[in-house]
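Results of the structural survey
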Amino acid sequence: MKTKRLSPLDASWLYVESHQTPMHVGGLMIFELAPDAAPDFFQQLVNDFREHREFHPPWNRRLKSTRLRSLTPAWVEVQDLDLDYHLRLSALPWPGGERELGVLIARLHSHPLDFRRPPWECHVIQGLEDHRFALYVKMHHSLIDGVSAMRELVRVLSIDPDDGERPPFWAVPREKRAEKEIARVPTTEAAVGKALAAVPRQPGSAPTLIKALTELVQASRRKDDPMGVPFRAPKSILNGRITGQRRFATQSYSIERLKRLAKAGDATLNDVVLAICGGALRRFLQEANALPAISLTAGIPVSVRPKDDQESGNAISFIIATLGTDIADPVLRLQAITASTRRSKEHLQSLPKSVIEGYTMAIMGPYMVQLITGLGGRTRPVFNITISNVPGPDHALYLRGARMVANYPVSLLTHGQALNITCNGYADLLNFGFIGCRDSLPHMQRIAVYAGDALDELEDAVTRTGRARKKRETA
């Protein structure tokens, strides 16, 4: 059997695996049946999927040893998979709405994967209202990261609604060419992975790195400096120890709407995303009588152009920014977030690429140490929450004639991080996936509802501010 040793970053997800913190990620794709879909569409789909018994990496990999804390974990490639275990058909009591689907996904996502088998599952879910069905796929983070997985899953979809021959994702050989594209996507894994790979090259850039970190320390001592810094985060109910049960909720917004709002507010689309999340968290924590006096902070993977990059490339790093949860006014909150992200990005862009990688390790090192040592949730958080925005296909996709209408990420949680918010772009929508610890954050689904309210409030406030500005200029 072919053996492949795990990289240090991939192995780290095994080291922190526990019943309370299963380290798998997932994707929830919702499809709308074509008007002429056959009555037995689901049975045909599942039966056809089951006929594909050739498995390609990474879907045919299982651990050589099931001892998760093995010092040298490795994959072995197998072909004797029990497909009836990995592929499952579920049904909601019709008509199943978003709430019922969210409850099912939360339950499925709460169960750890079986490491005696390749660590992934695919669930075909029928019974959704409006002639819809869903695919929920979960996979361990050590096997494949979320961005790579979604790229693999989307590859088996088609831009042609009449294309009914696409095989399931496990039967399609992986495209090596796409690896470089995936590495450029701003995610936490990409930032940490590139920084780890650059560790041997760090000594020559030490003086510049020390200077950059010194500026970071100085910024932490200046109350009027908007740059986000580690450990400035307040203690909150988001940052304690967690249990294994999850809650899941979703939201979708028009990308064009968010872009118009960003332009009107002199901000970026990501700033608007942070402002929406900040407004929702402020209201949620207020209602729980648990709103800290100082603002929550978010850890955000970003793509930046280093000062020594003369080409069209970029570098993936990680910044910390305020969420403005201490600010009641939506416009002022957005302005605080914009100032924070802009300051951090300008600081990063002033550094050469080699220093950015070392800087990323300096930022993320304490976070990774908390995870691996078990200190997460027992010490002051490096930041309060991770918020990611991952670009996706900008055109409609189909599965056997059924149009995909939404693509939601289902991320993981760790001790010290009881909530994660990840966004996926698809066609003209930005899809939000909210995953939270059931016991740490009762009624977590309200955060998704409040996010919609926060967007409306911000839109109204920015519009009023713009009208007032034009009136003053006219006067």
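Right, let's walk through the structure included here. (Residues numbered from 1 in each chain as written. Predicted model: local features only at pLDDT ≥ 70, side-chain atom pairs only at ≥ 80, totals over all residues. Heavy atoms only, no water.)

1. Quick word on the overall build of the protein
Scanning the protein from terminus to terminus reveals 13 helices and 15 strands. Counting across all 475 residues of the protein, residues that qualify as buried make up 56%. Within the protein, contacts between residues separated by at least 24 positions form 78% of all contacts whose residues are at least 6 apart in sequence. As displayed, the protein offers around 21200 Å² of accessible surface, 51% of which is attributable to carbon and sulfur atoms. (Helix = DSSP H or I, 4+ residues; strand = E, 2+ residues; numbered from the N terminus. Buried < 20%, exposed > 50% of the residue type's maximum accessible area, 1.4 Å probe, protein only. Contact = heavy atoms within 4.5 Å. Areas by Shrake-Rupley, 256 points an atom, 1.4 Å probe, with all protein chains shown as cover.)

2. Quick notes on helix α11 (residues 330-349)
Relative to the 28 Å expected for 20 residues at 1.5 Å per residue, α11 spans 28 Å between its end C-alpha atoms, a close match to the ideal helical length. Along α11, the residues classified as buried are P330, V331, R333, L334, I337, T338, S340, T341, R343, S344, H347 and L348. The N-cap of α11, judged by a side-chain oxygen 2.9 Å from the amide nitrogen of V331 a few residues on, is D329. (Expected span 1.5 Å × (residues − 1). Polar contact = N/O pair within 3.5 Å; in protein donor to acceptor, adjacent residues only side chain to side chain.)

3. Thoughts on the packing of aromatic side chains
Enumeration over the complete set of coordinates arrives at 14 aromatic pairs. Ring centres of F31 and F133 lie 5.2 Å apart, and the angle between their planes is 15°; this geometry places the pair in the stacked category. Linking F31 in strand β2 (residues 24-32) with F133 in strand β7 (residues 132-140), this pair joins segments that are 102 residues apart in sequence. As far as the burial class goes, F31 and F133 line up, both buried. Three or more aromatic residues link up through ring pairs in this structure, and these residues are F49, F55, W59, W120, F169 and W170. Residue placement shows R88 over the ring face of Y85; its charged tip is 4.5 Å from the ring centre. (Phe/Tyr/Trp six-rings, centres within 6.5 Å; stacked < 30°, edge-to-face > 60°. Lys NZ or Arg CZ within 6 Å of the ring centre and 35° of its normal.)

4. Section: the nonpolar core
L28, W120 and W170 are the most contacted members of the largest nonpolar core, which has 136 residues in total. Looking at this core element by element, the count peaks at 11 residues for helix α10 (residues 269-287). Non-local contacts of L28, meaning those with residues more than four positions away in its chain, are made with L101, I105, A134, L135, Y136, F248, A406, N407, Y408 and V410. (Core = buried A, V, L, I, M, F, W, Y, C linked by side-chain atoms within 4.5 Å.)

5. Some words on the side chain of H109
Structurally, H109 is set in helix α4 (residues 98-110). Relative accessible area serves as the criterion here: at 2%, H109 is assigned to the buried category. Once you skip the residues sitting within four places of it in the chain, H109 turns out to touch H24, V25, G26, Y136, V410, S411 and I435.

6. Notes on the pairing of β7
Most of β7 is tucked away: 8 of the 9 residues are buried. With 9 bridges connecting them, β2 and β7 associate as antiparallel partners. Directly across from M29, in β7, lies its bridge partner L135. Here strand β6 (residues 120-128) runs beside β7; their pairing, made up of 7 bridges, is antiparallel. Directly across from I125, in β7, lies its bridge partner A134. The antiparallel hairpin formed by β6 and β7 contains 3 residues in its connecting segment, where D130 sits at a positive phi of about 60°. (Pairing = 2+ DSSP bridges.)

7. Brief notes about the pairing of strand β4 (residues 74-77)
The alternating pattern of β4 places A74 and V76 and W75 and E77 on opposite faces, both of which are buried. Looking at chain direction, strand β1 (residues 3-5) and β4 are connected through 3 bridges and run antiparallel. Looking at β4, one finds that T3 is bridged to V76.

8. What about the packing of helix α9 (residues 255-264) against α10?
Look at α9 against α10: their axes get within 8 Å of each other, and the N-to-C directions meet at 95°. Relative to α10, the element α9 is oriented roughly perpendicular. Between α9, through I255, L258, K259, L261 and A262, and α10, the contact on the second element is made entirely by L269, V272 and I276. Tallied by class, residues from the contact of α9 with α10 come to 7 nonpolar, no polar and 1 charged. (Axes fitted to C-alpha atoms, helices over the stretch in contact; angles between N-to-C directions. Parallel < 35°, antiparallel > 145°, perpendicular 65-115°, else oblique. Nonpolar A, V, L, I, M, F, W, Y, C, P; charged D, E, K, R; others polar.)

9. Concerning the environment of N384
Structurally, N384 can be placed in the loop between α12 (353-373) and β11 (385-390). Since its relative accessible area comes to 1%, N384 is described here as buried. Considering only alpha carbons, one finds N384 and L323, 61 residues apart in sequence, at a separation of 9.7 Å. When sequence neighbours within four positions are dropped, the list of residues in contact with N384 reads A233, P234, S236, L238, N239, S295, L296, T297 and Q417. Here P234 takes part through its backbone oxygen, which lies 2.8 Å from a polar atom of the side chain of N384. Within the structure, N384 has its side chain in polar contact with the side chain of N239 (distance 2.7 Å).

Just distances and angles here, no functional claims.
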